[in-house]
Amino acid sequence: MEREQYIPLFETKEAKAWLFYRLFSVTVFLAVCFIWVYRITNLPKNGEDGRWVWIGLLAAELWFGLYWLITQALRWNPVFRSTFKDRLSWRYQDELPGVDIFVCTANFKIEPPIMVVNTVLSVLAYDYSPEKLSVYLSDDGGSDLTFYALLEGSEFARHWIPYCKKFKVEPRSPAAYFADSKSCMDLSHRIEASVAIKKLYEEMKERIESATKLGRIPEEQRSKHEGFSQWDSYSSRLDHDTILQILIDGKDPNAKDIDGCALPTLVYLAREKRPQHPHHFKAGAMNALIRVSSKISNGPIILNLDCDMYSNNSLSVHDALCFFLDEEKSHEVAFVQYPQHFENITKNDVYSNSLRVVINVEFHGLDGFGGPTYCGTGCFQRRDVLCGRKFTKDSKFEWKKDDHKRLRSILELEQETKSLASCTYEQNTQWGKEMGLIYGCLLEDAITGLSIHCRGWKSVYINPERKAFTGLAPTTLSQTLVQHKRWAEGAFQILFCNYSPLSYARGEISFGLQLGYCYYCFWCPSSIPVLYYCIFPSLYLLKGISLFPQISSPWFLPFAYVISTRYIYSLAEFLWSGGTILGWWCEQRMWLYKRTSSFFFGFIDTILKMLGFTESTFVVTAKFTDEDVLKRYEKEKMEFGDSSPMFAILATLAMLNLFCFIGVVNKVIMNGDVFSLYKTMPLQTLLCIALVLINLPLYQGLFLRNDNGKLPSSLAFKSFMGIGLKELYVVVLLALLSSPQAVFGIRFVIDREECFSHDVKYEGDTVHVSFVVVKTDSSWHYTNDGVDLVIKGPNGDQIQDFRDKTSDKFEFMARQRGVHSFCFTNRSPYHETIDFDVYVGHFSYQEEHARDEHFTPLLDQIWKLEEALYNIQFEQHWLEAQTERQAIVNEAMGRRAIHKALYESAALIGASVLQVYLLRRLFERKLGMSRV
């Protein structure tokens, strides 16, 4: 290929008006410095009211100011990139590299198989050479239902791919395409083909959803494919062999679509899992895919997607390749990150899930300092970089054209490759450390991106007008807060790991990018000053103690300038990103809610994990929603609906500020001087009013709403009990004790069998177990809804065996340390909801502490107190589940009694009518006879 003149495949433009923003930032920083000076010079003397609260405000404002400086790295040097796909096609033609696409799913109950198949079909239909395209589905749930759905999808792909290429369909997810009636009926000559392909899709969808609802594959379908035989030795989703199936072999000349064209490779993988071996969640699944794909297709470019992020642009792969194949500037690019876009965002985005400012501002700012973070989905990466290659000046992207035919059969290739996905393969290797995705952190994607940047590589962010990938955002407040808790907790953990941006990254990446990583890592600590600001200014407003300058003081000006410019700029930035004014107000609410709940719980859980009290858990966000919840979401009504510990803190803070506001208004009315408060404590008053206004949806959920999305009445009672400073501390501590990670307590729906594991750290520990069958799918089926529970030790020896139980609470002593398994079996034909709780009681004996005669008795008492507290919590959890079950049983019996009464009443009425009719006939007949 001749290279007489270099023509770039992409261009980079700097943002306009950057000089104006930098000058503006300098003025804001000067005002912040004046605020710090005010706090220090006006510190109350010893003995004066509010001295310690003043010191707390000084610490909070120091944090706010320094954290604001960190955020400037995201706006200091933004760049915007665009590509030239026509030049790419002209220059490389048919010599483009192979691309391996990884789609990850973990639980078919949370991530429906039909959704997974739509994502797979959308990337199978990429506008790219099928011989160079391979799609891998990692099913960490090991479900035969997901495999069956993919098998159905592989058959439908033979019709769908040629249809997409013939009519240039966008998007190429069948569900999204057929949901838009205009997209499939805009041309008259397309209507007939659209009707035919839609019929095929609906038939496939019905088969998949029917099997999912039944919880099993029809025997007729199982017998048609030998791949189902790999589930014969299947124990549970946490205990099974490697399951590997090449459903479509792209190198097989017989793998053709209905038009006779080649098909991409399609592979199903469920890596081996054993209870005694850690599986490292999504990072472990990705690393298994990297190894397995290296033997099957070995594409030099890897794209990974979450199972709910379907392709919205079939040419996005060409955009990414422009950054990898540019002759002058591509040698330092390790990965290309696309933004996450969601199709179910409402007009005003009530939960602020669209991440408008992050996508349209902050990531462009990171790109100016060396690239954005790796987000875990929608990312094209170089395989050699993922496998640990370090950057050098001659690190050019090279690939070899693979024209050889495969000599081994598919069966032989599958058997040889299975060992790469075994749970012991990574032992004594660099996988998870220097190779693949990094282990040991909830945000495995962010820490992997940081390690890649520290090896000298850069990344690229591209945000095209037509979004490359589209997914589903959480539709309830609880889902949103839990998701952000995982993000914040994972980012905070990065600070204390070997790849901390404060230590490991120093000198390895640019200072601006280092600050960018710190911005996300400091999410959790920022919750403490925000909580402080939400509590004390309002309480001292009620006491009449001023904590801010009066409106007549010159010190009022820096406060007024920082507050006004901060929110005016924030509103302008949000509107420029495509939002609405009401959407900006929702963003401010969620900013507060996330910091006072998600980030705060993430902060506490990280500290507890570092102290050894808890372990990190990976929570999969649900990808489907109840119909009633969805209707309320579309109306932009906040969905509460449960007694989450996060809601307890939010409700308590809201009620605290409401009562402070009512108390202040009452004082003003009693004194008759309205303007005195405005003159003496304007900022405290403004802060209290703002906190009340921003919590209006929460007050509605507490007092005004009657739907299922309201806050539970028990939570309203707790929020009342939380009024006052001492009581607030008690409520916060109770919320922490009821944190989801304090005790292994879960609620799940069982179809046939479900197994869980719990690690017992010490031999001789007491394991407390409780379970309650809360409800079944059938309201008439409530007497025979028991389940079987088998408990096995680390060596597989059986410890306990319960049969046909609706609830039980027991304990046993662990004979060995290690992972214990708890397997439930449902023998009824109905799905049943089970509340399951495990707590390991450990008493630290004297030999486990320093032998100190003065401290040993005290430590013993502390451990006994902790054991007693957890026993109370364990007992309370079991009683709550029992109470809920009894309530459901009583409700079912009540409905049955009502139905029985209705039927009996109807029968009595019918009998009475029949009796009157017969008596009348008898009377008429006798009357007729008497006349004769």
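Residues numbered from 1 in each chain as written. Predicted model: local features only at pLDDT ≥ 70, side-chain atom pairs only at ≥ 80, totals over all residues. Heavy atoms only, no water.

**Remarks on the state of the cysteines**
Counted by the stated rule, this structure contains 1 disulfide. In this structure C441 is not part of a disulfide, and its nearest cysteine sulfur, from C497, lies 6.1 Å away. Assessed through its relative accessible area of 12%, C441 is described here as buried. The thiol of C518 is unpaired, and the distance to the nearest cysteine sulfur, on C521, comes to 6.0 Å. When its relative accessible area of 3% is taken as the criterion, C518 is described as buried. (Disulfide = S-S within 2.5 Å. Buried < 20%, exposed > 50% of the residue type's maximum accessible area, 1.4 Å probe, protein only.)

**Here we look at the sheet that holds strand β18 (residues 798–805)**
In space, the 4 strands of this open sheet follow the order β15-β20-β17-β18, with antiparallel pairing throughout. Only two strands of the sheet have a single partner each, and these edge strands are β15 (753–760) and β18. Put simply, the sheet's adjacent strands are angled 15 degrees from each other on average, direction ignored. Pairing of strand β17 (residues 787–792) with β18 involves 5 bridges; the strand directions are antiparallel. Bridging from a neighbouring strand, K792 pairs with Q798 of β18. (Pairing = 2+ DSSP bridges. Helix = DSSP H or I, 4+ residues; strand = E, 2+ residues; numbered from the N terminus. Axes fitted to C-alpha atoms, helices over the stretch in contact; angles between N-to-C directions.)

**Points about the confidence of the model for the protein**
Caution applies to low-pLDDT regions: their predicted coordinates should not be interpreted in detail. Summary statistics for the protein give a mean pLDDT of 85 and a share of 85% for residues scoring 70 or more. Considering only residues more than four positions removed or in separate chains, one finds that residues 723–744, a stretch of pLDDT under 50, has 53 contacts. Counted against residues more than four places away or in other chains, residues 844–852, with its pLDDT under 50, gives 9 contacts. (pLDDT = per-residue confidence, 0-100. Contact = heavy atoms within 4.5 Å.)

**Overview of helix α20 (residues 581–610)**
Side chains three or four residues apart in an α-helix point the same way, a direct result of the helix having 3.6 residues per turn. Under the 1.5 Å per step criterion, the end-to-end length of α20 is 41 Å for 30 residues, consistent within 8% with the ideal 44 Å. Maximal helix bending in α20 amounts to about 40 degrees, located at K594. Of all 30 residues in α20, 22 are buried, a share of seventy percent or more. With its phi angle positive at about 90 degrees, G612 sits one or two positions after the end of α20. (Expected span 1.5 Å × (residues − 1). Bend = angle between axes of the 7 residues up to and from the residue.)

**Some points on the packing of helix α2 (residues 51–71) against helix α18 (residues 527–543)**
One way to put it is that α2 packs onto α18 with a least axis distance of 10 Å and a crossing angle of 145 degrees. Of the two elements, α2 crosses α18, and the hand of that crossing is left-handed. Residues W52, V53, G56, L57, A60, E61, W63 and F64 of α2 touch α18, and the partners they reach there are P529, V530, Y532, Y533, F536, P537 and Y540. Considered class by class, the residues forming the contact of α2 with α18 number 13 nonpolar, 1 polar and 1 charged. (Left-handed = near helix turned anticlockwise from the far one by under 90°. Nonpolar A, V, L, I, M, F, W, Y, C, P; charged D, E, K, R; others polar.)

**What about the environment of K418?**
With respect to the helices and strands, the residue K418 is situated in helix α14 (residues 410–418). In this structure K418 comes out as buried when scored by relative accessible area, which is 17%. Excluding residues that lie within four positions of it along the chain, K418 makes contacts with Q230, T242 and L244. A distance of 3.2 Å separates the side chain of K418 from the side chain of Q230, its partner in a polar contact. (Polar contact = N/O pair within 3.5 Å; in protein donor to acceptor, adjacent residues only side chain to side chain.)

**Describing the packing of α18 against helix α22 (residues 645–671)**
Packing of α18 against α22 brings their axes to within 9 Å, and their N-to-C directions diverge by 20 degrees. Taken together, the axes of α18 and α22 are roughly parallel relative to one another. Judged by the twist between their axes, the crossing of α18 over α22 is left-handed. On α22, the residues touching L531, C534, I535, S538, L539, L541, L542 and K543 of α18 are L653, L656, N657, C660, G663, V664 and K667. Split into classes, the residues belonging to the contact of α18 with α22 amount to 10 nonpolar, 3 polar and 2 charged. (Parallel < 35°, antiparallel > 145°, perpendicular 65-115°, else oblique.)

**Quick notes on the sheet that holds strand β11 (residues 379–382)**
What links the strands of a sheet is backbone hydrogen bonding, and the strands pair in either a parallel or an antiparallel sense. Taken in spatial order, the 8 strands of this open sheet run β5-β6-β4-β3-β7-β11-β9-β12, and their pairing is mixed. Strands with a single pairing partner mark the edges of an open sheet, and in this sheet they are β5 (243–248) and β12 (458–461). Sheet twist, expressed as the mean angle between neighbouring strand axes with direction ignored, is 20 degrees. Relative to strand β6 (residues 265–270), β5 is paired through 5 bridges, and the arrangement is antiparallel. Across the sheet, the residue bridging to I243 is A270, located in β6. Along the sheet, helix α10 (residues 281–296) contacts β3 (99–105), β4 (133–139), β5, β6 and β7 (301–306); its crossing angle with β3, the most-contacted strand, is approximately 145 degrees. Here helix α11 (residues 316–325) sits on the sheet and contacts β3, β7, β9 (333–337), β11 and β12; the angle it forms with β9, its principal contact strand, is near 155 degrees.

**Remarks on the nonpolar core**
Ranked by size, the top nonpolar core spans 101 residues in total, and within it L450, L477, L481, Y593, M638 and L698 carry the most contacts. Among the elements that make up this core, the one with the highest residue count is α22 (13 residues). Setting aside residues no more than four positions away along its own chain, L477 makes contact with Y351, M590, Y593, M638, E639, F640 and F647. Of all hydrophobic cores here, the second largest spans 75 residues; its members include Y126, L305, L321 and F323. (Core = buried A, V, L, I, M, F, W, Y, C linked by side-chain atoms within 4.5 Å.)

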